[in-house]
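Fold and geometry: a report
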Amino acid sequence: MTKAKGFKKSKTGTYLSIGTTAFGAISVLKQAKKARYEHDTLRLVDAVVSAAAIATGVALLFRELKRLGDDDVLLG
């Protein structure tokens, strides 16, 4: 268990978190598409709020990568 403790703060753990979060975005997109098709305003608002939360989460994870000193070309 000692090795797993630091995994969340590692580059690999952060990349895995970004992937998991991005995978969740697929579900939100499907929810938004269905809500628009059914003219369900409340579900559409829920999808927009969820998308904002995902975007914020990904931004925080990218910031964590920069803090970890990642030399990835995409991150600048």
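Per an unreviewed UniProt entry, the protein is named DUF4235 domain-containing protein, and its organism is Streptomyces kanamyceticus.

This brings us to the overall build of the protein. For the protein, the count of helices and strands is three helices and zero strands. If you list the helices and strands of the protein from N to C, you get α-α-α. Taking all 76 residues of the protein together, the buried fraction comes to 18%. The long-range share in the protein, meaning contacts at least 24 apart out of those at least 6 apart in sequence, stands at 59%. For the protein, the computed accessible surface area is about 6,200 Å², with 65% contributed by carbon and sulfur atoms.

Further remarks concern the pattern of salt bridges. As enumerated under the stated definition, the model contains two salt bridges in all. We note a salt bridge from Asp40 to Arg43, for which the minimum N-O separation is 3.2 Å. Overall, Arg43 belongs to the partly exposed group, its relative accessible area being 47%. For Arg67, the salt bridge is made with Glu64, and the minimal N-O distance between the two is 2.7 Å.

Our focus in this paragraph is helix α3 (residues 41-67). Note: α-helices contain 3.6 residues per turn, so residues at a spacing of three or four share the same orientation. Taking 1.5 Å of rise per residue, 27 residues should cover 39 Å, and α3 covers 39 Å from first to last C-alpha, within 8% of that figure. Those residues of α3 lying buried are Ala47, Ile54, Val58, Leu61, Glu64 and Leu65. If you follow the buried residues of α3, they end up packed against α2 (11-38). Near the N-terminus of α3, the side chain that reaches the backbone nitrogen of Leu42, with its oxygen 3.3 Å away, is that of Asp40.

Topologically, Ser17 is positioned in helix α2. Between the alpha carbons of Ser17 and Val58 there is a distance of 8.4 Å; along the sequence they are 41 residues apart.

The subject of this paragraph is the UniProt feature "transmembrane region" (unreviewed entry) in the protein. As recorded in UniProt, the sites labelled "transmembrane region" (unreviewed entry) are residues 12-29 and 41-62. Counted over residues 12-29, helix gives 100% and strand 0%. Its end C-alpha atoms are 26 Å apart. Summarising residues 41-62: 100% helix, 0% strand, and an end-to-end C-alpha distance of 31 Å.

Quick notes on the rules
Residues numbered from 1 in each chain as written. Predicted model: local features only at pLDDT ≥ 70, side-chain atom pairs only at ≥ 80, totals over all residues. Heavy atoms only, no water. Helix = DSSP H or I, 4+ residues; strand = E, 2+ residues; numbered from the N terminus. Buried < 20%, exposed > 50% of the residue type's maximum accessible area, 1.4 Å probe, protein only. Contact = heavy atoms within 4.5 Å. Areas by Shrake-Rupley, 256 points an atom, 1.4 Å probe, with all protein chains shown as cover. Salt bridge = Lys/Arg side-chain N within 4 Å of Asp/Glu carboxyl O. Expected span 1.5 Å × (residues − 1). Polar contact = N/O pair within 3.5 Å; in protein donor to acceptor, adjacent residues only side chain to side chain. UniProt positions renumbered as here; feature names shortened; annotations may be inferred.

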